[in-house]
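# Close look at the chain arrangement
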Amino acid sequence: MAGHDDSGASEKKASDFDIPTFSNENMQSNMKVIYYSRTFMSIIGGVIAGILGFTGLMGFIFYFLVMAITSIGLTAKASFSIHSYFDSWNRITLDGFLGGLLVC
């Protein structure tokens, strides 16, 4: 008598639940790159805002514009596949966004 072979079904189900794994060293390296990029862009943005005379609210708006452009640039550098390099979107879009205000 022939029995029902579930091995193919169980293999298919097991592959449906693949959990992405990340290298801790690579994640730390990626976060360092983001931190250094945001710090550098905060300094450059502050210098440009000072040269252009942006103070007060205009300075904050200019800073947030520079950080938004930096986030878009970092996302483009990651080929818009964030989950290949980071565990969440927050790592590249929001992490360190406000921390750059305390650089200068």
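Everything discussed here concerns the structure shown above.
Residues numbered from 1 in each chain as written. Predicted model: local features only at pLDDT ≥ 70, side-chain atom pairs only at ≥ 80, totals over all residues. Heavy atoms only, no water.

## Describing the side chain of T75
- Position of T75 among the secondary structure elements: in helix α3 (residues 57–77).
- The exposure class of T75 is buried, given its relative accessible area of 7%.
- There is a polar contact of 2.7 Å between the side chain of T75 and the backbone oxygen of S71.
- In contact with T75, other than residues within four places in its own chain, are F80, I82, W89 and I92. (Helix = DSSP H or I, 4+ residues; strand = E, 2+ residues; numbered from the N terminus. Buried < 20%, exposed > 50% of the residue type's maximum accessible area, 1.4 Å probe, protein only. Polar contact = N/O pair within 3.5 Å; in protein donor to acceptor, adjacent residues only side chain to side chain. Contact = heavy atoms within 4.5 Å.)

## A word on α3
- An ideal rise of 1.5 Å per residue puts 30 Å on 21 residues; α3 measures up with 30 Å between its terminal C-alpha atoms.
- Within the sequence span of α3, burial applies to G59, F62, Y63, V66, M67, T70, S71, L74 and T75.
- In this structure, the buried residues of α3 make contact with α2 (24–52) and α4 (89–93). (Expected span 1.5 Å × (residues − 1).)

## Points about the nonpolar core
- Within the largest apolar cluster, seven residues are counted, these being M31, I34, L74, A78, I82, F86 and I92.
- Excluding residues that lie within four positions of it along the chain, I92 makes contacts with I34, R38, S71, L74, T75, I82 and F86.
- Ranked by size, the runner-up nonpolar core spans five residues in total, among them A49, F62, Y63 and M67. (Core = buried A, V, L, I, M, F, W, Y, C linked by side-chain atoms within 4.5 Å.)

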